[in-house]
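# Chain and residue survey
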Amino acid sequence: MKTIEDLLAGDVHGKTVLVRSDLNVPLDDERNITDDGRVRASVPTIKALSDAGAKVVVVAHLGRPKGAPEEKYSLTPVVSRLSELLGKDVAFAKDTVGESAKSVVAGLQDGDVALLENLRFNPGETSKDEKERGDFADQLAAFADAFVSDGFGVVHRKQASVYDVATRLPHYAGGLVGTEVEVLQRLTQNPERPYAVVLGGAKVADKLAVIENLMQTADRLLIGGGMAYTFLKAQGHEVGKSLLDEEKVDTCKKFLEDAKAKGVEIVLPIDTVVAPEFSADVDTLVVDSDEIPADMMGLDIGPKSRELFATKLRDCRTVFWNGPMGAFEMAPYAYGTEAVAQVLADITKEGALTVVGGGDSAAAVRQLGFADDQFGHISTGGGASLEYLEGKTLPGIEILDA
Ligand code: ADP
Ligand code: MG
């Protein structure tokens, strides 16, 4: 795989380089960026190219528009943040491959940076039709002499700006993609032991897929957040109104059996913070995990579980964490997530490799006041890192090898 170092070592001055970044940041109702982690993570690659005198054309998506422009998904809030972080003006094209994009790209001087509008305003970006996707990729490729793939959060997608464009231009892995892949390789090849994986969050079905593979490498699997209740149910406990994936109860049963056979330790919450509804303004209660009342829902792991999880993580030399331990957006349910973040920060200081993956997980640790450098690595791609750990081939990485 060629990397941006190879590109920089050649003659990139005056060349136009198309950079696929991941700028898919969370926005509040006024369209202010609530976590700019992904913009910050994209800066080093863009800056290196600009400093080397390349004309840099950055492409990215935001949210899930349906192949047509929609004001609320415009990348406008991102342009200003990117300009601030780069310390230079970023030109903005109001479309992806139309008149505005053409004139913005044509006007670039050496070292200038431009951002094109949300790629998903064009149906070609995510189309399942090879030709439609290819046509869009042709138009993007026509802007540039080389392609740098740096949007790690999208490398598991076979999309025009991730996959097809790489078949049309000399292609290189950006610094962020390089770092992410290196870290994930350390998790899959010979991790220092004990190696624990902490899973939480709300996407139960998605994340169950990764467990099978993780059981081959991890020594311990800690399961909290909305994930835990399907497992508790599989153990025969009632979970009241908690998040539950009824269809996956049998799968969880099988995981529990397989884990036992393989000698992998599965750690589930022993107590739970419950509330009558998904709200911060209600009375909460702590109950043992086998005593969740029928009219209540579990919204965080309880204090005994926080202790237990901390004990199971403290001696680890490698930890991968995806998914918050509770509904952390509401203060009463953020303690479990905070406890896990704290142990990880502690063991990072002692030299353990800790990796936090997942959009909400990354936002959670920042919201709780942790700094990025208190962890070994905060991955910008939740889905991509999970699929990598599942052992799947990521189209956006595979194509860079070609
Ligand atoms: P990530 O983005 O880190 O991969 P997910 O998207 O899977 O994580 O899940 C994050 C969401 O899970 C958060 O919005 C959080 O409120 C929610 N969550 C965590 N625990 C619970 C729970 N017990 N019940 C309901 N939702 C939960
Ligand atoms: Mg999420």
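Going by the structure above, here's the rest.
Residues numbered from 1 in each chain as written. Chains lettered and ligands numbered in written order. Predicted model: local features only at pLDDT ≥ 70, side-chain atom pairs only at ≥ 80, totals over all residues. Heavy atoms only, no water.

Moving on, we get to the site of ligand 1. In the vicinity of ligand 1 lie 20 residues, with Ala202, Lys207, Glu329, Asp360 and Ser361 positioned nearest. At 2.7 Å from an oxygen atom of ligand 1 is found a side-chain nitrogen or oxygen belonging to Lys207. Here a nitrogen atom of ligand 1 sits 3.0 Å away from a polar atom, N or O, in the main chain of Gly298. Here ligand 1, which alone exposes 580 Å², has 90% of that area covered by the protein. (Near = heavy atom within 4 Å. Polar contact = N/O pair within 3.5 Å; in protein donor to acceptor, adjacent residues only side chain to side chain. Areas by Shrake-Rupley, 256 points an atom, 1.4 Å probe, with all protein chains shown as cover.)

What follows is about the nonpolar core. Counting 48 residues, the largest nonpolar core has Leu187, Val197, Leu208, Ile211, Ile223, Phe231 and Phe320 as its most contacted members. With six residues, the top contributor of residues to this core is helix 7 (residues 204–217). Judged by nonpolar contacts, the second largest core, of 27 residues, contains Val19, Leu86, Val148 and Tyr172. (Core = buried A, V, L, I, M, F, W, Y, C linked by side-chain atoms within 4.5 Å. Buried < 20%, exposed > 50% of the residue type's maximum accessible area, 1.4 Å probe, protein only. Helix = DSSP H or I, 4+ residues; strand = E, 2+ residues; numbered from the N terminus.)

Before going further, it helps to examine the side chain of Arg20. Within the secondary structure, Arg20 is located in strand 1 (residues 16–20). Overall, the relative accessible area of 1% leaves Arg20 in the buried class.

Their axes nearest at 10 Å, the elements helix 6 (residues 175–188) and helix 13 (residues 382–390) cross at an angle of 35°. Two packed elements cross with a definite hand, and for helix 6 against helix 13 that hand is right-handed. Together, Val181, Leu184, Gln185, Leu187 and Thr188 of helix 6 and Ser385, Tyr388 and Leu389 of helix 13 make up the contact between the two elements. Its residues placed into classes, the contact of helix 6 with helix 13 shows five nonpolar, three polar and no charged. (Axes fitted to C-alpha atoms, helices over the stretch in contact; angles between N-to-C directions. Left-handed = near helix turned anticlockwise from the far one by under 90°. Contact = heavy atoms within 4.5 Å. Nonpolar A, V, L, I, M, F, W, Y, C, P; charged D, E, K, R; others polar.)

Looking now at the sheet that holds strand 12 (residues 297–301). Read from one edge of the open sheet, three strands run 11-10-12, paired in antiparallel fashion. Looking at the sheet topology across the chains shown, the edges are occupied by strand 11 (285–288) and strand 12. On average, each strand axis in the sheet is inclined to that of its neighbour by 45°, with strand direction left out of account. Of the strand pairs in this sheet, strand 10 (residues 271–275) and strand 11 are connected by four bridges, and their pairing is antiparallel. (Pairing = 2+ DSSP bridges.)

What the rule picks out here adds up to one aromatic pair. Taken together, a centroid distance of 5.8 Å and an interplanar angle of 55° make the contact between Phe370 and Phe375 tilted. The class of Phe370 is buried, set by a relative accessible area of 9%. Taking relative accessible area as the criterion, Phe375 reaches 4% and is therefore assigned buried. (Phe/Tyr/Trp six-rings, centres within 6.5 Å; stacked < 30°, edge-to-face > 60°.)

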